[in-house]
Amino acid sequence: MSEIHFGARIAAIDAAAHDGMHAPDVIDPTVDFLAELAGNGAALEFGIGTGRIAIPLRARDLGLRSRPVTGHGGGVARQAGRRRRSGDDGDMATVRVEREFTLIYAVWNTFINLLSQDEQVQCFRNAAAHLIPGGYFVVETLVPRLQGLSLGETVRASAFGPNNADVDEYDVVAQRITSHHYWNDGGRWETWSSPCRYVWPSELDLMGRIAGVALVARSGGWLREPFTGESTSQVSVFGRPAADGLRSRAEAQR
Ligand SMILES: C[S@@+](CC[C@H](N)C(=O)[O-])C[C@H]1O[C@@H](n2cnc3c(N)ncnc32)[C@H](O)[C@@H]1O
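Just so we're clear, the structure is a prediction, and the values are computed from it rather than from any experiment.

## Quick look at the overall build of the chain
Right, so step 1: Scanning the chain from N- to C-terminus turns up six helices and 10 strands.
Right, so step 2: Counting the 254 residues in the chain, one finds 31% classified as buried.
Right, so step 3: In the chain, the proportion of contacts linking residues at least 24 apart, taken out of those at least 6 apart, comes to 64%.

So, in structure tokens, the structure goes:
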């Protein structure tokens, strides 16, 4: 069972701290991108959180088509408008759902909440096992700027002010970054630390191969920006091959 470092208290704080992630110029291209891949098919979000993406994705074309969006890891956002975040009701590495999906996605660094390579491979396998032939698994995750670290340096502040500080602690052997957050909440100092295991694009591709899905496209963001040596984020799309004799994507969508 993976460690989960989110909860209701953190959800509220996190949502306030990352207001920008809820802005239309972030949500809209993400939903556009995912909706195009989902077509008329069903989608599953790993680590759904508040439904930041699942709710607008489900709402897209509502009434014209049926595109159920189911989520695991933060509650199920089947009902549009319901906002919930718990993170503890389904581990994306192991959760089983009794159906297949055209699209499965893990966005906003959700995937790197799995803290070991084994769990990350297991998550890929789990996604592949729930995809229809021709379906897609999309991972959006950060690419750490290790070029910015001096040799031997392990701690970097990413934000610093009189009432808050964010400090990232790097372990380049374990491929971990633990982000420590400190903030002054009306005179009382609060703290929260969240670890992640960052993953290189090449490693992600190998995980895909192990799981039987192949890289279809990689960009530096949801607007399909080119992925370069300076990209700080990757949006990687893996596809399950369509196979003769298996149900086609169109059949599964009916
Ligand atoms: C950065 S938030 C992103 C939430 C949502 N995907 C979004 O884009 O708004 C990461 C989410 O991953 C969930 N999570 C962490 N570990 C998980 C696991 N092992 N299985 C499923 N969800 C997990 C957390 O509960 C949290 O909701």
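## Observations concerning the confidence of the model for the chain
The predicted structure's coordinates, where accompanied by low pLDDT, should not be read in detail.
Right, so step 1: The predicted model of the chain averages 84 in pLDDT, with 77% of residues at 70 or higher.
Right, so step 2: Within the chain, the lowest mean pLDDT, 51, falls on helix H6 (residues 249-253), and the highest, 98, falls on strand S10 (residues 233-239).
Right, so step 3: Here residues 74-88 is a poorly scored stretch, pLDDT under 50, and it has 38 contacts once near neighbours within four places are set aside; other chains count.

## Brief notes about helix H2 (residues 24-38)
Right, so step 1: A rise of 1.5 Å per residue sets the reference length of H2, with its 15 residues, at 21 Å; its end C-alpha atoms lie 20 Å apart and thus fit the reference within 8%.
Right, so step 2: All of the buried residues in H2 are Thr30, Val31, Phe33, Leu34 and Ala38. The arc enclosing the buried residues of H2, seen along the axis, measures out at 160°, which places them on a common side. Away from its buried face, by an angle of more than 90 degrees, H2 presents the exposed residues Pro24, Asp25, Asp28 and Glu36.
Right, so step 3: Those residues of H2 that are buried are in contact with strand S1 (43-46), helix H3 (54-59), strand S3 (101-106) and strand S4 (131-142).
Right, so step 4: The positive-phi residue at the C-terminal boundary of H2 is glycine 39, with phi of around 55°.

## As for the nonpolar core
Right, so step 1: Grouped together as the largest cluster of nonpolar side chains are 43 residues, with contacts concentrated most on Leu34, Ala43, Leu103, Ile104, Phe137 and Val138.
Right, so step 2: If you list the elements that add at least two residues to this core, you get H2, S1, H3, S3, helix H4 (117-129), S4, helix H5 (201-211) and S10.
Right, so step 3: Ranked by residues supplied to this core, first place goes to S4 with six residues.
Right, so step 4: Residues in contact with leucine 103, not counting those within four places in the same chain, are Leu34, Leu37, Ala38, Gly41, Ala43, Gly135, Tyr136 and Val138.

## Regarding H4
Right, so step 1: Relative to the 18 Å expected for 13 residues at 1.5 Å per residue, H4 spans 18 Å between its end C-alpha atoms, a close match to the ideal helical length.
Right, so step 2: Listing the buried residues of H4 in full gives Glu119, Gln120, Cys123, Phe124, Asn126 and Ala127. In an axial view of H4, the angular spread of the buried residues amounts to 160°, which keeps them on one side of the axis.
Right, so step 3: Buried positions along H4 lie against S3, S4, strand S8 (188-197) and H5.

## Quick word on unusual backbone geometry
Right, so step 1: Unlike most non-glycine residues, tryptophan 108 shows phi in positive territory, near 50°.
Right, so step 2: Looking at the element boundaries, tryptophan 108 is found in the loop between S3 and H4.
Right, so step 3: One non-glycine residue with positive phi stands out, namely asparagine 109, at about 65°.
Right, so step 4: Mapped onto the elements of the fold, asparagine 109 is located in the loop between S3 and H4.
Right, so step 5: In this structure asparagine 109 comes out as partly exposed when scored by C-beta crowding, with 16 C-beta atoms within 10 Å.

## Quick look at the pairing of strand S7 (residues 176-185)
Right, so step 1: Pairing of strand S6 (residues 164-171) with S7, which is carried by eight bridges, proceeds in the antiparallel orientation. Considered in S7, the bridge of aspartate 171 is made with arginine 176.
Right, so step 2: Hairpin connection of S6 to S7: four residues between the antiparallel strands, including glutamine 175 at a positive phi of 60°.
Right, so step 3: Bridge count for S7 against S8 is 10 bridges, and the pairing is antiparallel. Bridging from a neighbouring strand, arginine 176 pairs with arginine 197 of S8.
Right, so step 4: Count of turn residues in the S7/S8 antiparallel hairpin: two residues, of which glycine 186 carries a positive phi of about 60°.

## Quick look at the sheet that holds S7
Right, so step 1: Read from one edge of the open sheet, four strands run S5-S6-S7-S8, paired in antiparallel fashion. Every other strand in the sheet has two partners, leaving strand S5 (155-161) and S8 as the edge strands with one partner each. Going across the sheet, the axis of each strand differs from the next one's by a mean of 15°, ignoring polarity.

Criteria and cut-off values
- Residues numbered from 1 in each chain as written.
- Predicted model: local features only at pLDDT ≥ 70, side-chain atom pairs only at ≥ 80, totals over all residues.
- Helix = DSSP H or I, 4+ residues; strand = E, 2+ residues; numbered from the N terminus.
- Buried ≥ 20, exposed ≤ 12 C-beta atoms within 10 Å, placed from the backbone.
- Contact = placed C-beta atoms within 7 Å.
- pLDDT = per-residue confidence, 0-100.
- Expected span 1.5 Å × (residues − 1).
- Arc of directions from axis to C-beta.
- Core = buried A, V, L, I, M, F, W, Y, C linked by C-beta atoms within 7 Å.
- Pairing = 2+ DSSP bridges.
- Axes fitted to C-alpha atoms, helices over the stretch in contact; angles between N-to-C directions.

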